[in-house]
Structure formats: C-alpha cells, structure tokens
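# Examination of the molecular architecture
One-letter residues, chain by chain:
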Amino acid sequence: MQKAIVVHYYNDKKNNLSDLNQLLQEGWKVVTQSAMSGGEMGATVYSLVILEKN
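The rules behind these values
- Residues numbered from 1 in each chain as written.
- Predicted model: local features only at pLDDT ≥ 70, side-chain atom pairs only at ≥ 80, totals over all residues.
- Heavy atoms only, no water.
- pLDDT = per-residue confidence, 0-100.
- Helix = DSSP H or I, 4+ residues; strand = E, 2+ residues; numbered from the N terminus.
- Pairing = 2+ DSSP bridges.
- Axes fitted to C-alpha atoms, helices over the stretch in contact; angles between N-to-C directions.
- Contact = heavy atoms within 4.5 Å.
- Patch = residues over 30% accessible without salt bridge, like charges linked within 9 Å, V, L, I, M, F, W, Y side chains within 5 Å.
- Areas by Shrake-Rupley, 256 points an atom, 1.4 Å probe, with all protein chains shown as cover.
- Salt bridge = Lys/Arg side-chain N within 4 Å of Asp/Glu carboxyl O.
- Buried < 20%, exposed > 50% of the residue type's maximum accessible area, 1.4 Å probe, protein only.

Looking now at the confidence of the model for the chain. On average, the chain scores 92 in pLDDT, and the residues at 70 or more come to 91%. Here strand β2 (residues 29-37) stands out as the element of the chain with the lowest mean pLDDT, 93, in contrast to helix α1 (residues 17-25), whose mean of 97 is the highest.

Okay, structure coming up:
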C-alpha cells in the first residue's frame, strides 16, 4: 500500500513534520520525495513524500 503526503514547512511552529514522523513511527517507509516549491525568503516550502507500508 502506498500513501502520499505533502509536507510543508514555514518555521518550527508552522509545519506538519509531526504528521510525517507519526507515519514513520507506524512503520511507513519513504519511497520517494520531491520538492514542490520554495526558495523565497519567508516562503513556505512544500515537498511531496510517497510512503509505502507492507
């Protein structure tokens, strides 16, 4: 089974890294990761992460 999650990071308080970390703790493994945007100062950075679990 595979699952996609869009990880976003603005700063230490505005991000969803805890969602990704929770999935990893549940046994999901990262298959691939792709940057979606970012680069401007102060802008939120987005990344598409594909996870897999048997």
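So that's the structure; there's more coming.
Two orientations exist for strands paired in a sheet by backbone hydrogen bonds: parallel and antiparallel. With antiparallel pairing, 3 strands are arranged side by side in an open sheet as β1-β3-β2. What marks the edges here is a single partner per strand, and that holds for β1 (2-9) and β2. Averaged over all adjacent pairs, the angle separating strand axes in this sheet is 20°, with direction ignored. Judged from the 8 bridges that link them, β1 and strand β3 (residues 45-52) form a sheet pairing that is antiparallel. By the bridge assignment, A4 is partnered in β3 with I50. α1 rests against β1, β2 and β3 of the sheet, and its axis sits at about 150° to β1.

Moving on, we come to the environment of V31. For V31, the location among the structural elements is in strand β2. Separated by 19 residues in sequence, V31 and I50 place their C-alpha atoms 5.5 Å apart.

Further remarks concern a nonpolar patch on the surface. Together, V6, M36 and Y46 give the surface a local cluster of nonpolar side chains, amounting to about 260 Å² of exposed area. With respect to the helices, strands and loops of the structure, Y46 is situated in strand β3. Using a relative accessible area of 34% as the deciding quantity, one classes Y46 as partly exposed.

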